[in-house]
Amino acid sequence: MPTDRKDELQDPKTFILAVPSKGRLEEKSAEIFSKAGLPLLREGARGYQGEMAGNGSVKVEYVSAGDIAARLAEGSAHMGITGEDLLREEIADFNSTIHLVSPLGFGQANVVVAIPDGWVDVTTMNDLADVAAEFRARHGRRLRVATKYTHLTTDFFARHGADDCELVQSFGATEGAPSSGAAEAIVDITSTGATLAANNLRIPNNGIILKSEAQLAASLKANWSDKARVAAKFILTRLEAYQIAKKQIKVCLRSTPNMRAANMRPPEIEQLQSNYGAKLVDISTGATAQGSSYTFILPVNKQAAFMDDMIGNQLFAIGEVSKPDFLYFQRCEMLERLLGRLI
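Being a predicted model, the structure only gives us computed values, none of them experimental.

## Some thoughts on the layout of surface pockets
With a probe scaled to a water molecule rolled over the atoms, the places where space remains empty come into view.
Link 1 in the chain: Counted as a void, the largest pocket has a volume near 460 Å³.
Link 2 in the chain: Around the largest pocket, the lining comprises 20 residues; the ones closest to its centre are Glu240, Gln243, Ile244, Lys247 and Glu333.
Link 3 in the chain: For the lining of the largest pocket, the secondary-structure elements that each account for two or more residues are β6 (98–103), α10 (226–246) and α14 (333–342).
Link 4 in the chain: A per-element tally of the lining of the largest pocket places α10 first, with four residues.
Link 5 in the chain: Classifying every residue of the lining of the largest pocket gives eight nonpolar, five polar and seven charged.
Link 6 in the chain: As a volume, the second largest pocket reaches approximately 280 Å³.
Link 7 in the chain: If you trace the second largest pocket, you find 13 residues lining it, with Asp85, Gly107, Ala109, Tyr149 and Ile189 closest to the centre.
Link 8 in the chain: Elements supplying a minimum of two residues to the lining of the second largest pocket: α4 (84–90) and β10 (185–190).
Link 9 in the chain: In terms of residue class, the lining of the second largest pocket is built from four nonpolar, five polar and four charged.

## A word on a nonpolar patch on the surface
Link 1 in the chain: Taken together, the side chains of Ile311, Ile318 and Val321 define a hydrophobic patch exposed on the protein surface, amounting to about 250 Å² of accessible area.
Link 2 in the chain: In this fold, Ile318 is placed in strand β17 (residues 316–322).

## Some points on the nonpolar core
Link 1 in the chain: In this structure, Phe15, Leu17, Met79, Trp224 and Leu236 are the most contacted members of the largest nonpolar core, which totals 36 residues.
Link 2 in the chain: Every element with two or more residues in this core is listed here: β1 (15–20), α2 (23–35), β4 (55–63), β5 (79–83), β13 (214–219), α10 and α14.
Link 3 in the chain: When residues of this core are assigned to their parent elements, the largest contribution, eight residues, is made by α10.
Link 4 in the chain: Beyond its immediate chain neighbours, meaning those up to four positions away, Phe15 contacts Ser57, Val58, Lys59, His78, Met79, Trp224, Ala228, Ala231, Ala232 and Ile235.
Link 5 in the chain: Counting residues in each nonpolar core, the second largest holds 21 residues, with Val122, Leu128, Phe135 and Phe157 among its members.

## Thoughts on the environment of Asp188
Link 1 in the chain: Summarising the element assignment, Asp188 is placed in strand β10.
Link 2 in the chain: Among the residues examined, Asp188 registers a relative accessible area of 9% and is labelled buried.
Link 3 in the chain: Through-space distance from the C-alpha of Asp188 to that of Ala114 is 7.6 Å; in sequence the pair is 74 residues apart.
Link 4 in the chain: Residues in contact with Asp188, not counting those within four places in the same chain, are Asn110, Val111, Val112, Tyr149, Thr174 and Glu175.

Cut-offs applied
- Residues numbered from 1 in each chain as written.
- Predicted model: local features only at pLDDT ≥ 70, side-chain atom pairs only at ≥ 80, totals over all residues.
- Heavy atoms only, no water.
- 1 Å grid on protein atoms, 1.4 Å probe; cavity = no way out; pocket = protein on both sides within 12 Å on 5 of 7 lines; lining within 4 Å.
- Points joined across faces, edges and corners; volume = space filled by probe spheres on them.
- Helix = DSSP H or I, 4+ residues; strand = E, 2+ residues; numbered from the N terminus.
- Nonpolar A, V, L, I, M, F, W, Y, C, P; charged D, E, K, R; others polar.
- Patch = residues over 30% accessible without salt bridge, like charges linked within 9 Å, V, L, I, M, F, W, Y side chains within 5 Å.
- Areas by Shrake-Rupley, 256 points an atom, 1.4 Å probe, with all protein chains shown as cover.
- Salt bridge = Lys/Arg side-chain N within 4 Å of Asp/Glu carboxyl O.
- Core = buried A, V, L, I, M, F, W, Y, C linked by side-chain atoms within 4.5 Å.
- Buried < 20%, exposed > 50% of the residue type's maximum accessible area, 1.4 Å probe, protein only.
- Contact = heavy atoms within 4.5 Å.

Below, the structure written as structure tokens:
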């Protein structure tokens, strides 16, 4: 007899990872796990089950992005990938239920307040609150705001004192509500703002409710057995090593005759680390006829300035420059943060 999800979570061998079942989120999720050395093997192009290569204890389930939030909320999946907007909107006790493990760098979009272009005197949320109060006094009803994000909107409007607004549930194209007369303003998600502009809407200066992107999130309500924690370690150490390496470059510097004549580790080593956020990961002192070598890991965005500093330097010669695929360190911060929430 097949087991239901609750039965699966009682099995200490089971770790459930929920990923989007289709679309760009599914493609980007598969891509990032593959690049992190954790390929997801789906059972058929449209199957709803799968596994993770190299770890038989990880069960992959393909479900809709909205259902992933529900699975994490009830604890029937250990981790899942979905938008932060869905997690914060659909999970009322978010802070005690969900741990955001890592942003994944795709699916970026903002949940925003949008008002008609014609409201020239409304530039901030305080202005919108004033307009709503005037609207109610004049018309005897609240200013309507169409949205699918009722929880996020309620909290945001309360923080800005916009109490004279009434939320209208949107089930279709929210951006069309003001022009159709269904609402006076909206709260919606946008990535470029083009759709808002096409409907003669704009965002107040402080009208961004949430900057969202796809997140790897963990459920604090799942059964975190020892086996599940081992699976989390397997996933997170590799994912973190990949994400760190993506932003770093490896540079090997060799000592010049001028430096070798000084027969010392120069203070310039410490200065380079301070100036460029570089980490000295290896020193080979006098190991070759070329003298000592110093291997640094530094942020990609510091590479050009670092190289400019090295060109013409009297103590160092630029050796090998490479882009690492993975960078492992003694501690996995992703794992430590998760385990800290599970205590």
